[in-house]
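# Descriptive structure summary
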Amino acid sequence: MAMLRLNLQFVWLVTIIACSCTATCDATASRPNILLVVSDDLRPSLGSYGEPVLTPNLDQLAAQSIRFTNAHVQQAVCGPSRISFLTSRRPDTTRLYDFYSYWREAAGNFTTLPQHFKENGYYAASVGKVFHNGKASNFTDDYPLSWSVPPYWPPSQKYKRKKVCGPGPDGELHEYLICPVNVTQHPLGTLPDIQSTDYALEILKNLSKYQSNSSPDLKSNDHSSTGDNDRMQPPFFLAVGYHKPHIPLKYPQEFRDLYPLDSIDIAPDIHLPQKVPPVAWNPWTDVREREDIAALNVSFPYGPMPLEYHYLIRQSYYAAVTYIDYQVGRLLAGLEESGFAKNTIVLFVGDHGWQLGEHQEWAKYSNYGVATRVPLIIHIPGVTDTVTSLTKRKFPFINPLLQKVHFKPPKSTPRGNKVNRSPASNIGYSTNSPVELVDMFPTLADLAGLKIPPTCPENSLKNDFCTEGSSLTPLIDNVTGKSKSVMLRWKNGTFSQYSRPSDVPQQDSDMPHLANITIMGYSMRTDNYHYTEWIGFDPHKFQGNWQDVHARELYVLDDDPHEDFNVADDPRYESVIKDLSKKLQGGWRYSLPVFDDLQ
């Protein structure tokens with residue numbers, strides 16, 4: 001039924017395109033396609049980022065791409081992060097810190113990334129979790145403004161919070177955090193990310209048929225055929241959002257077999273950080289409420305989680321990541337089989353990180369680097385390729401289930417914002433320069449030859465089209481040796497924030513509703529420091545009070561890459577804190593890159 005709906009929608013769409021496509025299609029026909037892939041709750045736990053996780057397909061993509069090893073989100077929770085990078089505005093501008101408002105109503109009628117491409121002649125389609133569903137995207141994933149056809153959500157996602165795990169010791173099914181399943185026995189006999197991949201592959205097949213003018217169904221509905229459909233084929237902007245490794249950690253059970261428990265590493269800093277202010281703590285309530293974790297009676301708010309579960313949770317997180325690698329491998333192979341790989345920019349990203357026991361923490365909901373840092377990989381045909389032979393494929397599918405190597409971490413697993421030391425990190429291009437996910441919108445527009453949104457003014461609520469990020473193309477050109485300008489300075493740092501309802505952890509500290517937010521933690525990460533000020537916040541004015549400082553955090557990254565020792569009260573750093581506080585209050589616009597154009 002889903003595929004029938006897809007075919008009918010697509011036939012309807014391309015008929016309209018063919019009937020109305022004149023000079024606009026001629027202008028866009030030579031532009032690159034865009035494949036945007038988003039993975040939910042994915043930290044840089046990939047082989048190409050030096051982590052002990054089996055991700056052969058994503059590593060293969062990285063070998064043909066540029067990897068950003070110091071990329072950070074603007075808020076480490078799904079809805080606000082996605083709205084931020086899809087509008088290229090930061091949370092204080094979108095006015096979204098939770099899941100319960102729609103930015104076009106609460107803030108301004110901001111142009112989105114897919115909308116910009118759609119308005120410039122692209123066929124824009126959404127599959128899976130791209131926008132956060134619900135009120136945050138007007139219950140429509142912002143259709144029809146952002147997409148050419150109604151977005152697709154996999155039907156099996158409705159079982160996300162159902163009792164399908166187990167059976168448990170009582171012989172019954174439960175709602176567990178750790179939930180490997182026999183897919184054939186799962187409701188509908190499938191899982192959401194499998195359905196999303198299937199649907200995206202069908203879109204690519206249909207697009208390929210239309211481009212080659214070989215589909216009887218499509219031709220019969222195209223009453224304006226001129227015999228020149230190849231020239232009139234519009235480019236596509238296809239966004240595919242995967243739900244894993246978001247909890248519950250539900251995935252096909254065979255992926256867990258790749259990670260024997262004796263091969264699993266645990267975080268190097270599994271204890272509560274020294275001098276962490278209580279306001280900075282997230283009590284991971286959404287983890288605690290799952291039946292298997294609830295049965296442990298872990299004390300609130302600090303825990304700790306029993307050590308046995310450090311291994312079990314990390315094992316299932318890694319297995320879920322490899323499961324997503326499997327799906328991405330299918331998707332990329334289908335892109336190539338459909339004939340689009342040579343003219344498609346691929347951007348792969350996580351919407352935020354996830355704490356796997358670091359600092360005694362689980363989940364996201366904080367300003368720590370493990371919560372804000374994500375993988376960001378961009379493949380640009382003709383620029384980042386290393387496979388140039390016509391006889392070789394860029395993205396042949398690699399089945400990780402057939403890999404014979406079980407990963408064992410090195411004795412000292414490198415982590416932090418400067419890590420990039422695995423053998424796989426020597427392939428492809430990479431940069432450790434600080435970048436932010438608000439940079440994605442202007443970057444893709446720049447790479448596709450579309451109008452680049454200008455930098456937003458101080459008050460941009462009435463500006464539909466502007467960015468609070470920067471195009472990464474000058475940085476990409478610099479790394480790949482194609483630079484036409486000299487960077488006098490790249491960004492000074494990255495900026496993130498997180499809200500709290502109180503100075504001490506309580507049940508809604510992870511995800512407070514807007515009306516309950518009283519404190520905002522504004523955070524800046526530079527080459528040497530990670531600095532945060534927790535200040536009073538007015539949820540009615542969407543404004544913080546820099547004179548009302550509740551707590552400070554300062555981590556010296558060269559000495560403390562895991563952010564375990566808060567030295568904000570150390571008098572030796574008084575001048576450093578004064579300088580960083582001034583920069584933090586100045587914000588992102590005083591940290592923008594500076595170039596000397598040679599043209």
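Computed from a prediction, not measured in an experiment: that's the story for all the values here. Every chain is numbered on its own, with residues counted from 1 as its sequence reads. Note on the predicted model: pLDDT of at least 70 is required for a residue's local features to be given, and 80 or more for side-chain atom pairs to be given and counted; whole-chain, interface and lining totals, by contrast, use all residues. With hydrogens and water set aside, each side-chain value is computed from the structure's full complement of heavy atoms.

### A look at the sheet that holds strand β15 (residues 519–525)
We apply this condition: Pairing between strands is defined by DSSP: at least two bridges between the two strands are required. Strands are runs of DSSP state E lasting at least two residues, helices are runs of H or I lasting at least four, and both sets are numbered from the N terminus onward. To define axes, lines are fitted to C-alpha atoms, for helices over the stretch in contact only, and angles between the resulting N-to-C directions are given on a 0 to 180 degree scale. A contact between two residues is defined here by any heavy atoms of the two lying within 4.5 Å.
One open sheet accounts for 4 strands, arranged β14-β15-β16-β17; its pairing is antiparallel. Taken across any chain shown, the strands that pair with only one partner, and hence form the sheet edges, are β14 (494–500) and β17 (543–556). Here the strands of the sheet are splayed against their neighbours by 20 degrees on average, with no regard to which way each runs. Pairing of strand β16 (residues 529–538) with β17 involves 10 bridges; the strand directions are antiparallel. Residue pairing for β17: phenylalanine 537 is matched across the bridge by glycine 544. Here helix α17 (residues 574–586) sits on the sheet in contact with β14, β15, β16 and β17, set at roughly 55 degrees to β16.

### Describing the confidence of the model for the chain
We count it as follows: Confidence of the predictor in every single residue is expressed as pLDDT, which spans 0 to 100.
Here the chain averages 89 in pLDDT, while 86% of its residues score no lower than 70. This model gives residues 18–23 a pLDDT under 50, and the stretch forms 6 contacts once residues within four places in sequence are excluded. In this model residues 406–426 is a low-confidence stretch, pLDDT under 50, and it forms 52 contacts with partners more than four residues away in sequence or in other chains.

### With respect to the layout of surface pockets
This is how it is decided: Put simply, the grid is 1 Å and covers the protein atoms alone, a cavity is a trapped set of points that fit a 1.4 Å probe, a pocket is an open set with protein on both sides within 12 Å along at least five of seven lines, and lining residues have an atom within 4 Å of a point. Grid points are joined across faces, edges and corners, and a volume is the space filled by probe spheres set on the points. We call Asp, Glu, Lys and Arg charged. Ala, Val, Leu, Ile, Met, Phe, Trp, Tyr, Cys and Pro are nonpolar, and the rest, Gly among them, are polar.
Roughly 860 Å³ of internal volume is contained in the largest pocket. Lining the largest pocket are 30 residues, with Asp92, Thr93, Glu458, Tyr522 and Trp588 positioned closest to its centre. Taken together, the elements giving at least two residues each to the lining of the largest pocket come down to α5 (91–94), β14, β15, β17 and α17. When the residues that make up the lining of the largest pocket are grouped by side-chain class, the tally is 11 nonpolar, 12 polar and 7 charged. The space that makes up the second largest pocket amounts to roughly 470 Å³. Residue lining of the second largest pocket: 29 residues in total, with Lys129, Gln157, Lys160, His246 and Ile247 positioned closest to the centre. Here the residues of the lining of the second largest pocket are counted per class, giving 12 nonpolar, 6 polar and 11 charged.

### Structural notes on the packing of aromatic side chains
Put simply, the rule is: Aromatic rings from Phe, Tyr and Trp, with only the six-membered ring used for Trp, were paired whenever their centres fell within 6.5 Å, and each pair was classed as stacked if the ring planes differed by under 30 degrees, edge-to-face if by over 60, and tilted otherwise. Exposure categories follow from relative accessible area, calculated using a 1.4 Å probe and restricted to protein chains: below 20% of the type maximum is buried, above 50% is exposed, and the middle band is partly exposed.
Within this structure, the stated rule accounts for 20 aromatic pairs. Pairing phenylalanine 117 with tyrosine 122 gives two aromatic rings, centres 4.9 Å apart and planes at 85 degrees, and the pair type is edge-to-face. The burial state of phenylalanine 117 is the same as that of tyrosine 122; both residues are buried. Between tyrosine 326 and phenylalanine 397, the aromatic rings sit 5.1 Å apart at their centres with planes inclined by 80 degrees, giving edge-to-face as the arrangement.

### Digging into the side chain of threonine 322
For clarity, the cut-off: As used in this structure description, the phrase polar contact means that two N or O atoms lie within 3.5 Å; if the pair is within protein, one of them must be able to donate a hydrogen and the other to accept it, and residues adjacent in sequence are counted only when both atoms belong to side chains.
Assignment of secondary structure puts threonine 322 in helix α13 (residues 307–337). Within polar-contact distance, the side chain of threonine 322 engages the backbone oxygen of leucine 54 at 2.9 Å. Discounting residues that sit within four places of it in the chain, threonine 322 has contacts with Val53, Leu54, Phe255, Leu258, Tyr259 and Pro400.

### With respect to the nonpolar core
Defined as follows: We call a set of buried residues a nonpolar core when its members are Ala, Val, Leu, Ile, Met, Phe, Trp, Tyr or Cys and they connect through side-chain atoms within 4.5 Å of each other.
Membership of the largest hydrophobic core comes to 85 residues, with the highest contact counts inside it found for Leu35, Leu238, Val287, Met305, Ile313, Phe348 and Trp354. No other element matches α13, which puts 14 residues into this core. Look past the residues within four positions of valine 287 in its chain and what remains in contact with it is Leu177, Ile247, Ile293, Met305, Trp354, Trp362 and Ala363. Judged by nonpolar contacts, the second largest core, of 46 residues, contains Ile34, Ile66, Tyr102 and Trp103.

### With respect to the state of the cysteines
Note the threshold: Cysteine sulfur atoms that pair up within 2.5 Å are treated as a disulfide.
Tallied over the full model, the rule gives 2 disulfides. Note that cysteine 165 is cross-linked by a disulfide to cysteine 179, the S-S spacing being 2.1 Å. An S-S torsion of about -100 degrees defines the bridge between cysteine 165 and cysteine 179 as left-handed. Here the residue cysteine 165 occupies a position in the loop between β3 (123–128) and β4 (178–181), and cysteine 179 occupies one in strand β4, the gap between them amounting to 14 residues. Paired by a disulfide, cysteine 456 and cysteine 466 hold their sulfur atoms 2.0 Å apart. On the S-S bond that ties cysteine 456 to cysteine 466, the torsion sits near 95 degrees, and the link is right-handed. Of this pair, cysteine 456 sits in the loop between α15 (440–448) and α16 (473–480) while cysteine 466 sits in the loop between α15 and α16, and the two are 10 residues apart along the sequence. Among the residues examined, cysteine 466 registers a relative accessible area of 3% and is labelled buried.

### What about a nonpolar patch on the surface?
This is how it is decided: A residue counts toward a patch only above 30% relative accessible area and without a salt bridge, and it is joined to like-charged neighbours within 9 Å or, for Val, Leu, Ile, Met, Phe, Trp and Tyr, to nonpolar neighbours within 5 Å. Using a 1.4 Å probe, accessible areas were evaluated by the Shrake-Rupley method; residue-level cover was limited to the displayed protein chains. One speaks of a salt bridge when a side-chain nitrogen belonging to Lys or Arg is within 4 Å of a carboxyl oxygen belonging to Asp or Glu.
Residues Val486, Leu488 and Val594 make up a contiguous nonpolar surface patch of about 240 Å² in total accessible area. Counting through the fold element by element, leucine 488 comes out in strand β13 (residues 485–489).

### A closer look at the environment of leucine 177
Take leucine 177: it is sitting in the loop between β3 and β4. Linking leucine 177 and arginine 288, residues 111 residues apart in sequence, is a C-alpha distance of 8.8 Å. Apart from residues no more than four positions distant in its own chain, leucine 177 is found in contact with Ile247, Pro248, Leu249, Val287, Arg290, Asp292, Ile293 and Ile313.

### So, α13
So the rule is basically this: Take the residue count of a helix, subtract one, and multiply by 1.5 Å to get its expected span.
If you check α13, its first and last C-alpha atoms are 45 Å apart, about what 31 residues at 1.5 Å a residue would give, namely 45 Å. Burial analysis of α13 places 25 of its 31 residues in the buried class, which makes it a mostly covered element. Glycine 339, located one to two residues past α13, shows a positive phi value of around 90 degrees.

### Looking at the pairing of strand β1 (residues 33–39)
The buried fraction of β1 amounts to 7 of the 7 residues, a majority that puts the element mostly inside the structure. A two-sided burial pattern is seen for β1, the buried positions comprising Asn33, Leu35, Val37 and Ser39 on one face and Ile34, Leu36 and Val38 on the other. Bridge analysis of β1 against strand β7 (residues 344–350) gives 7 bridges, and the strand direction is parallel. Across the sheet, residue valine 37 finds its bridge partner in β7, namely phenylalanine 348. Sheet analysis places β1 next to strand β5 (residues 236–242), joined by 6 bridges and oriented parallel. If you follow leucine 36 over to β5, its bridge partner there is alanine 239.

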